[in-house]
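Here are the chains, one letter per residue:
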Amino acid sequence: MDALSNPYTPNAGAEPQAVVGRDDQLGSFDLLLARIERGRAEQSMIITGLRGVGKTVLLGQFRSKALGRRWVVIELEVSKNDDLQFRRDLGAKLRTALYELSPKARWTDRFKHAAAVLKSFSVSVDPDGTWSAGLDVEAAEGFADHHNLAMDLTDVLVALGEAASEQGRGVVLLFDEVQFLSKIQLEAVIAALHKMVQRKLPITMVAAGLPQIAELAGDAKSYAERLFKFPSIGNLSAADAKAALQRPAEEEDASYEPAALDEAVAITGGYPYFLQELGYAVWTVADDPTITREDLLAALPAYESKLDESFFRVRLDRATELQRAYLRAMAELGPEPQKASDVADAMGRTSTNLGPTRAELINMGLLYTPEHGFAAFTVPHFDKFLKRAIPTLVVPPLKTRKRGQASA
Ligand SMILES: Nc1ncnc2c1ncn2[C@@H]1O[C@H](COP(=O)(O)OP(=O)(O)O)[C@@H](O)[C@H]1O
Ligand SMILES: [Mg+2]
């Protein structure tokens, strides 16, 4: 059918025509804002899930909801940045929030104070005052100038929260990719939000990230468990997966035969990103507005090669020979989480020897540890792809040190 009318959205963060299967999280978000509006405390959320399940899309839905309730929204996509860059990025966003809460011409003392605290917060990362110049205030001495991210961020959010509260409005921070927050950044965010709850100030944060964020390190942990729920999102149920395909089609006066939908669920496992890719591919192949199972099967090669060439391939391209062998050995064992010792056995090596390789793959985001001692692929169907891309497992020979050579 016509490419122009193709209603599917196989792109990272692209809002689908039909956002299905997320009613629970959307309901929790409404409740969170409504309770804060009434001056009540409520656990906030960190949404966890693998790549491509729809975390960014869900944050986008939260954004629309919050704007609909006249909240100020601060969006931040976290990257592996140092703490100074984090401070700079967040400072800039908080400044925008301050202006959104009230135009400068109408600033009350509370707003001026918040601006002054924000200026202190940014002085260390903006010594010439380039961006804070517009704030047009002196830095507030004794506030947000402790050279400690947790204390400084707390001061800023308290001041901003008091200003927001004066306006009868709330501020919600939407953080994406929170697994990239450093320990210091994460602890700072948690400490500041904890203060918001204690002081009943109308600032909250909802975040999304890969599953490893749920096992927060160290001191942050006990606080975090009280402050946040960690709902995980994943594959859609069969009924929702079918709706994710059917509803966008119906809006274009097309529809699927039941057998086609069953086949689509079987192929994609209800994984949101795969559903969009499959829907996109089958739309291209089908000539008739009634999409059949045959159309779906005819679209499979295009669907698979698209996934192989983009989604899967980029992950493998960055891997070394040994890392690839590790992944391939895991694929041989199956799609489930695998024990380190089993993978080592399959490669004819020891877990100790392969420990660094496994750690590198986790660090690269190719594997994660759903439970101690196990590792799993961070995207579904990666095992099948690996088998297609690397037909046989080849383990590179162990590098042996020559006699007489100094050890490294
Ligand atoms: N609830 C949903 N129903 C149908 N498709 C969805 C849904 N959520 C996300 N998608 C689609 O899945 C893909 C991945 O979404 P994205 O939000 O980028 O995932 P993540 O941030 O978890 O990696 C996109 O193509 C998007 O259009
Ligand atoms: Mg995302």
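Computed from a predicted structure; not experimentally measured.

1. Points about the nonpolar core
Phase 1 of the analysis: By size, the foremost hydrophobic cluster in this structure holds 76 residues, and its most contacted members are Phe29, Phe62, Tyr256, Tyr326, Leu327, Phe382 and Leu386.
Phase 2 of the analysis: Membership of the second largest hydrophobic core comes to 53 residues, among which are Ala116, Val137, Val156 and Ala224.

2. Observations concerning the site of ligand 1
Phase 1 of the analysis: Among the 22 residues in the neighbourhood of ligand 1, the closest are listed as Thr9, Gly13, Ala14, Gly52 and Lys55.
Phase 2 of the analysis: Separating an oxygen atom of ligand 1 from a backbone N or O atom of Gly52 is a distance of 2.7 Å.
Phase 3 of the analysis: Within the backbone of Val57, an N or O atom sits 2.8 Å from an oxygen atom of ligand 1.
Phase 4 of the analysis: Across the complex, the protein chains shield 97% of the 570 Å² of accessible surface that ligand 1 would expose by itself.
Phase 5 of the analysis: For the shell around ligand 1, the secondary-structure elements that each account for two or more residues are helix 2 (55-68) and helix 10 (272-285).
Phase 6 of the analysis: Composition of the shell around ligand 1 by domain shows at least three residues from each of domain 1 (3-11 + 236-315) and domain 2 (23-229).

3. A short note on empty space enclosed by the protein
Phase 1 of the analysis: Here the structure, examined in full by the defined rule, presents one cavity of 30 Å³ or more.
Phase 2 of the analysis: Estimates place the volume of the largest cavity at around 50 Å³.
Phase 3 of the analysis: Considering the residues around the largest cavity, the lining is formed by Leu90, Leu153, Leu157, Leu173, Phe175, Val189, Leu193 and Met205.
Phase 4 of the analysis: Those elements that place two or more of their residues in the lining of the largest cavity are helix 5 (149-166), strand 3 (171-176) and helix 6 (183-198).
Phase 5 of the analysis: For the lining of the largest cavity, a count of residues per class yields eight nonpolar, no polar and no charged.

4. With respect to the confidence of the model for the protein
Caution is warranted with low-pLDDT regions, since their predicted coordinates should not be read in detail.
Phase 1 of the analysis: Put simply, the protein has an average pLDDT of 92, and 96% of its residues get 70 or more.
Phase 2 of the analysis: Ignoring residues within four places in sequence, the model shows residues 404-408, a span with pLDDT below 50, making two contacts including any to other chains.

5. Thoughts on helix 13 (residues 340-347)
Phase 1 of the analysis: Within the sequence span of helix 13, burial applies to Ala340, Val343, Ala344 and Met347. The buried residues of helix 13 all sit within an arc of 100 degrees when viewed along its axis, so they share a single face.
Phase 2 of the analysis: Two residues or fewer after helix 13 comes Gly348, characterised by a positive phi angle close to 70 degrees.

6. Some thoughts on the sheet that holds strand 8 (residues 338-339)
Phase 1 of the analysis: Taking strand neighbours across the sheet as the criterion, the three strands line up as 8-10-9 in an open arrangement whose pairing is antiparallel. The two strands at the open ends of the sheet, each matched to only one other strand, are strand 8 and strand 9 (367-368).
Phase 2 of the analysis: As judged from the two bridges shared by strand 8 and strand 10 (residues 374-377), these two strands associate in the antiparallel manner. Its bridge partner being in strand 10, Lys339 is matched across the sheet by Phe374.

7. Things to note about the environment of Leu327
Phase 1 of the analysis: Looking at the element boundaries, Leu327 is found in helix 12 (residues 321-333).
Phase 2 of the analysis: Sequence separation between Leu327 and Val343 is 16 residues, and the spatial gap between their C-alpha atoms is 8.9 Å.
Phase 3 of the analysis: Non-local contacts of Leu327, meaning those with residues more than four positions away in its chain, are made with Leu316, Leu361, Leu366, Leu367, Phe377, Phe382 and Leu386.

Quick notes on the rules
Residues numbered from 1 in each chain as written. Chains lettered and ligands numbered in written order. Predicted model: local features only at pLDDT ≥ 70, side-chain atom pairs only at ≥ 80, totals over all residues. Heavy atoms only, no water. Core = buried A, V, L, I, M, F, W, Y, C linked by side-chain atoms within 4.5 Å. Buried < 20%, exposed > 50% of the residue type's maximum accessible area, 1.4 Å probe, protein only. Near = heavy atom within 4 Å. Polar contact = N/O pair within 3.5 Å; in protein donor to acceptor, adjacent residues only side chain to side chain. Areas by Shrake-Rupley, 256 points an atom, 1.4 Å probe, with all protein chains shown as cover. Helix = DSSP H or I, 4+ residues; strand = E, 2+ residues; numbered from the N terminus. Domains from an automatic or database assignment. 1 Å grid on protein atoms, 1.4 Å probe; cavity = no way out; pocket = protein on both sides within 12 Å on 5 of 7 lines; lining within 4 Å. Points joined across faces, edges and corners; volume = space filled by probe spheres on them. Nonpolar A, V, L, I, M, F, W, Y, C, P; charged D, E, K, R; others polar. pLDDT = per-residue confidence, 0-100. Contact = heavy atoms within 4.5 Å. Arc of directions from axis to C-beta. Pairing = 2+ DSSP bridges.

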